[in-house]
Amino acid sequence: MRTLVAAALVAAVARGLLVVVTVRGNSMRPTYTDGDVLLAARVPLLRRGHAIVFAPPTNPPGAPPYRVKRLVALPGDPTPDWVRDRTPFVPAGHVVVRGDNLRSEDSSTYGYVQRAGVLAVVVRKLRAAR
């Protein structure tokens, strides 16, 4: 049975339905810490509270291409007051993210995140950091 589950997992990753990501940094601490390995699924529906994998609006040279943060607001939701360059409501095609560790680079730093830049929703932790 384990072999069958492992084979299905490998096939889903190969088809791009699932992604395996390694957390870098502690912005999602205590939920996820530096070095944790996560399994994420490409899904069309996003919900507030999900941890998501996304491309940040700005990315310094040498930084990882993707980030993991908590989704806190969807298009049309009132924009939280801590969001940089905020408008009263989250604009269409954008979301608001926040790290679980309040000392995080998130929408308080770079504002709204494009919905098109969301890669996947975290499903589970595969392996804790060593």
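Up top you'll find the structure we're talking about.
What comes next concerns the included structure.

1. A word on the environment of Val 37
With respect to the element layout, Val 37 can be found in strand 2 (residues 37–41). Residue classification places Val 37 among the buried residues on the basis of a relative accessible area of 7%. Spatially, the C-alpha atom of Val 37 lies 5.5 Å from that of Leu 126, the residues being 89 residues apart in sequence. Setting aside residues no more than four positions away along its own chain, Val 37 makes contact with Val 20, Val 21, Thr 22, Lys 125, Leu 126 and Arg 127.

2. A short note on the sheet that holds strand 3 (residues 51–54)
With respect to topology, seven strands assemble into an open sheet ordered 1-2-7-3-4-5-6, the strand pairing being antiparallel. Lying at the two open borders of the sheet, with one neighbouring strand each, are strand 1 (18–22) and strand 6 (113–114). Where strand 2 and strand 7 (residues 118–127) come together, five bridges link them in antiparallel fashion. Residue pairing in the sheet places Ala 41 in a bridge with Val 121 of strand 7.

3. Quick notes on unusual backbone geometry
The step from Arg 29 to Pro 30 runs through a cis peptide bond, and the omega angle for that step is 15°. Tracing the backbone through its elements, the reader meets Pro 30 in the loop between strand 1 and strand 2. In this model, Asp 85 sits at a positive phi of 50°, which is unusual for a non-glycine residue.

4. What about the packing of aromatic side chains?
Per the counting criterion, the structure on display carries zero aromatic pairs. When the ring centre of Trp 82 is taken as origin, the NZ or CZ atom of Arg 98, which lies over that ring, is 4.0 Å away.

5. Details of the layout of surface pockets
The calculated volume of the largest pocket comes to roughly 350 Å³. When contributions to the lining of the largest pocket are tallied by element, the ones reaching two or more residues are strand 1 and strand 4 (67–73). Among the elements that make up the lining of the largest pocket, the one with the highest residue count is strand 4 (three residues). Tallied by class, the residues present in the lining of the largest pocket amount to eight nonpolar, three polar and four charged.

6. Overview of the pattern of salt bridges
Within this structure, the stated rule accounts for six salt bridges. Lys 125 serves as the salt-bridge partner of Asp 36, at 3.4 Å between the closest nitrogen and oxygen. Highlighted residues: Asp 36 in the loop between strand 1 and strand 2 and Lys 125 in strand 7, separated in sequence by 89 residues. We classify Lys 125 as partly exposed; its relative accessible area is 33%. The salt bridge involving Asp 106 is made with Arg 98; its shortest N-O contact spans 3.8 Å. Given the relative accessible area of 0%, Asp 106 is considered buried.

What counts as what
Residues numbered from 1 in each chain as written. Predicted model: local features only at pLDDT ≥ 70, side-chain atom pairs only at ≥ 80, totals over all residues. Heavy atoms only, no water. Helix = DSSP H or I, 4+ residues; strand = E, 2+ residues; numbered from the N terminus. Buried < 20%, exposed > 50% of the residue type's maximum accessible area, 1.4 Å probe, protein only. Contact = heavy atoms within 4.5 Å. Pairing = 2+ DSSP bridges. Phe/Tyr/Trp six-rings, centres within 6.5 Å; stacked < 30°, edge-to-face > 60°. Lys NZ or Arg CZ within 6 Å of the ring centre and 35° of its normal. 1 Å grid on protein atoms, 1.4 Å probe; cavity = no way out; pocket = protein on both sides within 12 Å on 5 of 7 lines; lining within 4 Å. Points joined across faces, edges and corners; volume = space filled by probe spheres on them. Nonpolar A, V, L, I, M, F, W, Y, C, P; charged D, E, K, R; others polar. Salt bridge = Lys/Arg side-chain N within 4 Å of Asp/Glu carboxyl O.

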